[in-house]
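Here is how the chains run, residue by residue.
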Amino acid sequence: MKSIVSYWRRAVVLGVFVFICAVGPAGLRAQSDAGAATLTGVVLDKDGKSIQSATVVIKNNSTGLSRKTTTDASGHFSASGLPPGAYAVEASAPGFSTGRREAVQLAAGGAEDLSIPLNVANMSQAVTVEASSEIAMQIAPSQSSLEARSAQSVIGTPFIDNFTAPVADYTEIVQMAPGTFSVSSNGVGLGDSKTYFRGFADGQFTMTYDGIPFNDTNSPTHHSWAFFPSQWIGGTVFDRSPGSASTLGPTNFGGSINLLSREPQPEPDVRASVSYGSFNTRLLDLAVDSGKFLGDKSSLFVDLHELKSDGYQTFNFQKRDAGSLKYQYKLSDKTTVSAFLGIIDLWTNTPNTKGPTRAQVAQFGDNYLLSNDPNRPDYFRYNYYHVQSDFEYIGISTDLGHGWRLDDKIYSYRYWNKQNYNGTTITKTSATDKLNGYRKIGDTLGVSQEHGRGIFRTGIWYEWAYTDRYQVPSDPRTWVNAALPNFHEQFITQSVQPYAEYEFKVTRKLSVTGGVKMAYYQQHLEQFADNGKTVGSLNGVAFVTHTAGYRSWQPSVDANYRLKQNWSVYAQYATGNVIPPSTVFDVKNAVVAILPKPTQAKTYQVGTVWKNNRVTFDFDAYHTHFQNPYSASPDPTTGEPVYFATGDSVTKGIEAEGNVRLGLGFYLYLNGTAGNAKYVNTERWVQNAPRNTETVGLTYQRQNWDLGFFNKRIGQMYNDNGSTNEAVTIKPFNITNVFLNYTIKSESRFRDTKIRLSVNNLLDKHSIVGVTPAATTTSVAAPGDVLTLMPGRSVALTVTFGYAPKR
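Notes on the structure follow. (Residues numbered from 1 in each chain as written. Predicted model: local features only at pLDDT ≥ 70, side-chain atom pairs only at ≥ 80, totals over all residues. Heavy atoms only, no water.)

### Details of the sheet that holds strand β1 (residues 37-44)
Backbone-to-backbone hydrogen bonds join strands into a sheet, with any given pair of strands oriented parallel or antiparallel.
Then step 1. The three strands are arranged β4-β1-β7 in an open sheet whose pairing can be described as mixed. Looking along the sheet, the strands with just one partner apiece sit at the ends: β4 (76-82) and β7 (111-117). Strand-to-strand twist in this sheet, taken as the mean axis angle between neighbours without regard to direction, amounts to 20 degrees.
Then step 2. Across seven bridges, the pairing between β1 and β7 is parallel. Paired with L44 across the two strands is P117, which belongs to β7. (Pairing = 2+ DSSP bridges. Helix = DSSP H or I, 4+ residues; strand = E, 2+ residues; numbered from the N terminus. Axes fitted to C-alpha atoms, helices over the stretch in contact; angles between N-to-C directions.)

### As for a nonpolar patch on the surface
Then step 1. Side chains of W705, L707, L740, Y742, I755, L757, V795 and L797 sit close together on the surface and give an oily, nonpolar patch of about 650 Å² of accessible area.
Then step 2. Put simply, the parts of the chain that give the nonpolar patch at least two residues each are β33 (705-714), β36 (733-743), β37 (754-760) and β40 (794-803).
Then step 3. Take W705: its relative accessible area is 41%, and that puts it in the partly exposed class. (Patch = residues over 30% accessible without salt bridge, like charges linked within 9 Å, V, L, I, M, F, W, Y side chains within 5 Å. Areas by Shrake-Rupley, 256 points an atom, 1.4 Å probe, with all protein chains shown as cover. Salt bridge = Lys/Arg side-chain N within 4 Å of Asp/Glu carboxyl O. Buried < 20%, exposed > 50% of the residue type's maximum accessible area, 1.4 Å probe, protein only.)

### Digging into the pairing of strand β25 (residues 567-578)
Then step 1. As paired strands, strand β24 (residues 543-564) and β25 are joined by eight bridges and run antiparallel to one another. Looking at β25, one finds that K564 is bridged to W567.
Then step 2. Turn length for the β24-β25 hairpin, with the two strands adjacent in sequence and antiparallel, is two residues.
Then step 3. For β25 and strand β26 (residues 599-611), the ladder comprises 12 bridges, and the chain directions are antiparallel.

### Description of the side chain of Q143
Then step 1. Among the secondary structure elements, Q143 is positioned in the loop between β7 and β8 (152-155).
Then step 2. Within the structure, the side chain of Q143 is placed 2.7 Å from the side chain of K611, a separation counted as a polar contact. (Polar contact = N/O pair within 3.5 Å; in protein donor to acceptor, adjacent residues only side chain to side chain.)

### Focus on the nonpolar core
Then step 1. Counting 53 residues, the largest nonpolar core has Y209, F214, F227, F228, L259 and F391 as its most contacted members.
Then step 2. Residue contributions to this core peak at four residues, all from strand β18 (residues 384-401).
Then step 3. Excluding residues within four positions of it along the chain, L259 makes contact with Y170, M207, T208, Y209, D210, F214, F228, I233, G235 and T236.
Then step 4. Counting 20 residues, the second-largest nonpolar core is a separate cluster that includes L39, A93, F96 and L106. (Core = buried A, V, L, I, M, F, W, Y, C linked by side-chain atoms within 4.5 Å. Contact = heavy atoms within 4.5 Å.)

Structure representation (C-alpha cells):
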C-alpha cells in the first residue's frame, strides 16, 4: 500500500484548494449602516437547561453568507451587524442532535430573540453531555450522565485536544478514567498498548467505533497502534459493565470502550500541525473541514498525518502513515447518510517479547530493546512489523414517523499484521515469519419506537470474517523459510446477535429497562499439516476442517430514578460472555473431544450521579462474578483433549469521580477506586488488578489558555508466572502529565491556530509495571524475566496553523 501522506506538500495544496472551492466568499462583513439587524438567542436542552459552548451558524438565505458564534456560560449567543433578510439558524453541541430554525426574518434596524432546543443524540453515535452542569459540559476530563443506567465515564473532544499528547492513542484517552491504566514502554502512542480495569485485561471487554465492534478474530483483543489515533476520535463513552441487551459486541464481559468519530463542522476550516518531541518523534497532520456545501446538505472532515519516531527503547523505530475522512449528507429533515474511511500503514522494529530482560536492563539500561549489531540475535533488522489496516462504513439514520427510528451501518475492516522476529540464536530456523490477517464485513441494525410510556429497541448485529494465520521457521539473515510451518490455519467466523429491550417509563422520574440478547458464533477452520509444533502431520493429509458453534443468552435489567432534577440513582444486573479462541483446535491432529463453552460474567452494580453548576459527582459499587478461560486434559481412552472450566473469579469494589469549578478559570478533577479481584477457589489475586487507584487533575481554562496537570496513581497488583497466581508483586507507580496550550479562539481568519506543549511522565519515573517471569516454577527474580517499564519523560511541542474565512 502506498504511503498515505508521503506527498505532504501536494496534500496541503490540494486541501487548501478544496477548501477554497467549497467555501467561496464566506463570512458576513460587519455592517456599519443604521439598517443592520441583531440576532440573539439561547440554546437549551430538552429539560430547558442552557447549553454552554454550543456552535451557532447564522446563514443569510439570499446571499449564502454565514456567521459562526458560540454560546456563553448561560447558553446565550448574540450576533450584530446583520443585513436585513431571511436567515437559517443552526445550533449544535457535542452529545446533541442539531437544532435548526428556518426563515428567521430580520428587519432593518430590528432585533430578534430565539430559543433553540436540542435533543439528546443517539447514544450509539454521540456522547451524552449534561447541559445542567456548567463545568461538566466542556472541561470535565471524565464524567457520568444523569441518564446513566450503569457505571459510565464520558470523555469529550476538549479533553482529547487539550490534555493528551499529540501522538496519543485510545488507551491514553481513557487513561485517567476511574480504575484504568495502560503503559507503552516505547513512549506515549508509540506501541501496541493495552488497557486494564477492574481486573479485566484486553480481550475481556468490547471496543467499538461509532457503534461498530472491532477486534481480532483468533481472540477478541485490540491493537492501539493499528486503529483510531486520537486525531480520529471525538469522544469516548466508557461503560464499565456488560451493558444492556442492545450493547453489541463479542466480549461484553467486563465492559465496553465506545470510541466516537469527529463530526464534520458546519463552518470551513483548515488546520496544519507540525509536532516535534522526545525520542526524535515527528508528527505532520493536516485536518480539513469543508463546512456545509451542496445546498447546506453535505459536510466533510478529512485528516492526513505522518508519524515518525526513534522510540524510547533502542532501535524501536516507528513510521505510521494514516488518513481518514468522514462525510455526512442530509437527505431530508428526517434522514441523514454518513460514511467513514480510515487507512493506516505502520512499520516498526519490535521483538516478539516487546520488552527487555532483567539482564539486558542491568547491562545496557532500562531503555534497551534491540541492538544494531548483525552478529547479535536481537539485531533490529531481524525484528520488525508491517501492519496495514483499513476501516470503512456507510450508515443511515432516519425518522420513520410515529416515534419509529432506524439506524443502520454496513461496514468492513481489515487488519494485516506481517511480523518477522528472531529468537535467541542465529540459525537457518531461529527466526519466525508470521502472519495474522483478516477481513471483516458486517452490519449493525437498530430500530426503536418511542411513545408516551417508554422506548422499544430491537435489532441485530451480523459479521462475517475471513482469517489467515501462520508461523514459519525462517533464517533472519535471508528470510528463507523452512518447508513446513509451526502452524497454519485459515478460518471463517460468523457472529450473530439479535436483541430486544424495552425501557418502561414507570413514572416521570423512574425508568426500568429489561431485555435479552442471543449471542451466537460459528467458526469453520482449516488447519494445515505442520512440523509437529501444533497439529502435526495429520496422518499425511494436507489439512483438516472443523466447524464449531457457540451460543449463549444474555439477559439484562436496569433502573434509573431521578431523586431530583440534578440527582439520579441507578441499579443494574447484566450478563456478558467471551467466545473461546481459535486455539481450541491447536492440538495434536486437531481433534477435540468436548468443546469449551463461552465464558460468562454476571455483574451487579448500583450508583448515583449528582450535578450542579459548580460540582459534578458520581459513585458506583460493583460486584462481578466471572468465569476464567478453559483448560484441557487428555481423554484417558482416546487421548483427545477435554476442555473444562478452571474456576471462577469475583471482582468487586467502589469507584467515584468528581469535578469542581474552583473559580478564576481553575477546575479540579478527582477520582478514586478501591477493590479486589480474586479467584474464588484460592482467594489469590487476578493479575493486573490494582488494589486502588487515584487520579488528581488540576486545570486552568480561560480565554486563550489551557493548562492541565494530571497524576494517576496505580496501587499494588500482581503478575502470574504461568503456573502460580500472585507470583510477582508490582509496586505502586504514578503517571504524571502536564499540558500547556495557547489557542486563537476569536473570529480571526487564523482561528484554531494553536501552540501546544505536552509533558508525559513529568517526574521521569522508570517503574516496573509488568513482569513475565522466565520460569514457571519459581517467583524469584531471574535474569531472563521480561520487564515492562515506564518510558522516560517525553516532551512534545506542537504548532497548529489554522485558517478560516474572515468574519
